[in-house]
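Examination of the molecular architecture
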Amino acid sequence: MWVFTSEVHQDHAPRTEFFRGTLVPCFELPLRIDLIKAHLNLTESMDFHAVEPLALDVISQIHDGRYLEFLQTIHPRWCKQLEAEGDPTDPKEVEILPHTFLTRHLDREVVPTSVYGEAGYYAMDTASPITVGAFAAARAATLGAMNAVEAVYQEKTRNAFSLSRPPGHHAAHDSYGGYCFLNHAAIAAQHWLNLLRQRSTEARIAILDVDFHHGNGTQQIFYQRPDVYFASVHGDPRWAYPYFLGHDHQTGRGEGEGMNLNLPLPAGTPWNDYRESLKKALQGIHRFAPHGLIISFGADTHEEDPISGFRLQTDDYAAMGNLIASLRLPTVVVMEGGYSLGILGSVVSRFLQGLVG
Ligand code: SP5
Ligand code: ZN
């Protein structure tokens, strides 16, 4: 298993998020990656590789240009405004957390010029602060996922893992949230398709999302496309974040009809039930016959996760990796969520070991 990771994520160290009516310390922290890295360093058959620079224009095939400009400029613009107002706060301490959102019946044609208005235009929640390093960290995470795709496409390895943060699967074509700004799995899929199309007119990629939360961004991005199959096992959005996407009646649209498979599950789901849904996801992927598989991996299905609601245990993740390996596809794993610092390292390590067999 090749592992790609970089230190750029350290500069995105958000302080607080809004949770149950108050500001609480962020769940999505640099320490998450440090702990996983320490574990993988002690895990057999993990080969760490440096992330190489690559052209990033593929990002514009997935995300809206105006949205990308927003992500890149919003923090410096807000800091400049604070400075002009005589606010002495160090830009490194400044976080943008919007409070007013573009919901139904409101006007989406006019993008506000106010920083908080613009953040509310693009955001889906109050839990994803934009810090000084958020965009650079997200871009580095995308680059890690693209490096993993290249390694697998060039057959240097059968499996590669991009160990990065912030996560990506809640980021849609032009919206962010759930701690995600760029959708690394979606961009990696697009990059893989672009490479495949240099050799062949046939190019199909499957994305399997096993984070506890539904990957609303990934679903939205590929909803009408026939070249990417998206399967997700997750907490039913009727009771779990992101609440407004991930129902089983959402099967794709137009050319993408039948290419989206949602498998929502009840609170408290243990591995034995989870496994049956995972098998259905794998059957769907097998029928699609993709050239490659991308896994959005979250460790937040674990019983100890502080913000989720399933009951998987540490040993179950080896079985999960093993089951997915039965697809026998070239596989890229990208890191999504997982917030229990106690079990995060061993869960990721078990999963990857199960995957390589
Ligand atoms: C990538 C990822 O895992 N994002 C998750 C973002 C979730 N943010 C909002 C969490 C709200 C949790 N609801 C409270 C349940 C507490 N038991
Ligand atoms: Zn999650």
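Summarised in this report is the structure supplied together with it. This one's a predicted model, so the numbers in the text were calculated from it and none came from an experiment.

Description of the overall build of the protein
- The helix and strand inventory of the protein stands at ten helices and ten strands.
- Taken over C-alpha atoms, the radius of gyration comes to 19 Å for the protein, in line with the 21 Å a tight globule of 357 residues would show.
- If you line up the protein on its principal axes, its C-alpha atoms span 60 × 45 × 40 Å.
- Relative to its full complement of 357 residues, the protein shows a buried share of 59%.
- Of the contacts made within the protein by residues no fewer than 6 positions apart, 76% connect residues no fewer than 24 positions apart.

Considering the pattern of salt bridges
- Inspection of every chain in the model, using the stated rule, returns 13 salt bridges.
- Between Arg-66 and Glu-118 there is a salt bridge, with its nearest N and O atoms 3.1 Å apart. Here the residue Arg-66 occupies a position in helix α3 (residues 65–84), and Glu-118 occupies one in helix α4 (residues 115–122), the gap between them amounting to 52 residues.
- The buried category is assigned to Glu-118, whose relative accessible area is 1%.
- Between Arg-197 and Asp-227 there is a salt bridge whose closest N-O contact spans 2.7 Å. Residue Arg-197 is found in helix α6 (residues 184–197), and its partner Asp-227 is found in the loop between α7 (216–222) and β7 (228–235); the two are separated by 30 residues along the sequence.
- With a relative accessible area of 38%, Arg-197 lands in the partly exposed category.
- Here Asp-227 falls in the buried class, since its relative accessible area comes to 11%.
- Each of the salt bridges in this network shares a partner with another, and the network as a whole consists of Glu-28, Arg-32 and Arg-165.

Let's talk about the coordination of the zinc ion (ligand 2)
- Surrounding the zinc ion (ligand 2) are the protein donor atoms Asp-211 (OD), Asp-211 (OD), His-213 (ND1) and Asp-300 (OD), at 1.9 to 2.7 Å.
- When the donor residues of the zinc ion (ligand 2) are listed from N- to C-terminus, their spacing reads D-x1-H-x86-D. The burial state of Asp-211 is the same as that of His-213; both residues are buried.

A short note on the packing of aromatic side chains
- For the structure on display, the rule yields 19 aromatic pairs.
- The rings of Tyr-67, Phe-70, Tyr-121, Tyr-122, Tyr-176 and Phe-181 are connected pair by pair, giving a single aromatic cluster.

Description of the nonpolar core
- Among the nonpolar cores identified, the biggest contains 55 residues, and Phe-70, Tyr-176, Trp-192 and Ile-294 are the most heavily contacted of them.
- Not counting the four nearest positions on each side in its chain, Tyr-176 is found in contact with Tyr-67, Phe-70, Pro-98, Ala-119, Tyr-122, Ala-123, Met-124, Ser-128, Ile-130 and Phe-181.
- The next biggest cluster of nonpolar side chains, apart from the first, holds 46 residues, and it includes Val-3, Ala-206, Phe-297 and Ala-299.

What about the packing of helix α5 (residues 134–153) against α6?
- Close contact between α5 and α6 brings their axes to 9 Å; oriented N to C, the two are set at 35°. By crossing handedness, the relation of α5 to α6 is classed as right-handed. Contact residues: α5 offers Ala-138, Ala-141, Thr-142, Ala-145, Met-146, Val-149, Glu-150, Val-152 and Tyr-153, while α6 offers His-184, Ile-187, Ala-188, His-191, Trp-192, Leu-195 and Leu-196.
- Along the lines of polarity and charge, the residues of the contact of α5 with α6 split into twelve nonpolar, three polar and one charged.

Quick look at the state of the cysteines
- Using the criterion set out here, one finds zero disulfides in the structure.
- Sulfur of Cys-79: no disulfide; nearest cysteine sulfur belongs to Cys-26 and is 16 Å away.
- For Cys-79, a relative accessible area of 12% translates into the label buried.
- For Cys-180, which is in no disulfide, the shortest distance to another cysteine sulfur is to Cys-26 and amounts to 13 Å.

A few points about α3
- In this model α3 runs 28 Å from its N-terminal to its C-terminal C-alpha over 20 residues, within 8% of the 28 Å that 1.5 Å per residue would give.
- Of all the bends in α3, the greatest, near 45°, is centred on Thr-73, and the proline Pro-76 appears no more than four residues after it.
- Of the positions making up α3, those classed as buried are Tyr-67, Leu-68, Phe-70, Leu-71, Ile-74, His-75, Trp-78, Cys-79 and Leu-82.
- Looking at where α3 begins, the residue whose side-chain oxygen comes 3.2 Å from the main-chain nitrogen of Arg-66 is Asp-64.

Let's talk about unusual backbone geometry
- Between Arg-165 and Pro-166 the backbone carries a cis peptide bond, its omega angle lying at -5°.
- Residue placement: Pro-166 occurs in the loop between β5 (159–163) and α6.
- Here the bond from Tyr-241 into Pro-242 is cis, since omega is 10°, no more than 30 degrees from zero.
- Structurally, the position occupied by Pro-242 is in the loop between β7 and β8 (260–265).
- A positive phi angle is found at Tyr-179, which is not glycine, with a value near 75°.
- By secondary structure assignment, the location of Tyr-179 is in the loop between β5 and α6.
- Assessed through its relative accessible area of 9%, Tyr-179 is described here as buried.

Rules behind the numbers
- Residues numbered from 1 in each chain as written.
- Chains lettered and ligands numbered in written order.
- Predicted model: local features only at pLDDT ≥ 70, side-chain atom pairs only at ≥ 80, totals over all residues.
- Heavy atoms only, no water.
- Helix = DSSP H or I, 4+ residues; strand = E, 2+ residues; numbered from the N terminus.
- Rg over C-alpha atoms; globule rule 2.2 N^0.38 Å.
- Buried < 20%, exposed > 50% of the residue type's maximum accessible area, 1.4 Å probe, protein only.
- Contact = heavy atoms within 4.5 Å.
- Salt bridge = Lys/Arg side-chain N within 4 Å of Asp/Glu carboxyl O.
- Donors = N, O, S within 2.8 Å, 3.2 Å for Na, K, Ca; no water.
- Phe/Tyr/Trp six-rings, centres within 6.5 Å; stacked < 30°, edge-to-face > 60°.
- Core = buried A, V, L, I, M, F, W, Y, C linked by side-chain atoms within 4.5 Å.
- Axes fitted to C-alpha atoms, helices over the stretch in contact; angles between N-to-C directions.
- Left-handed = near helix turned anticlockwise from the far one by under 90°.
- Nonpolar A, V, L, I, M, F, W, Y, C, P; charged D, E, K, R; others polar.
- Disulfide = S-S within 2.5 Å.
- Expected span 1.5 Å × (residues − 1).
- Bend = angle between axes of the 7 residues up to and from the residue.
- Polar contact = N/O pair within 3.5 Å; in protein donor to acceptor, adjacent residues only side chain to side chain.

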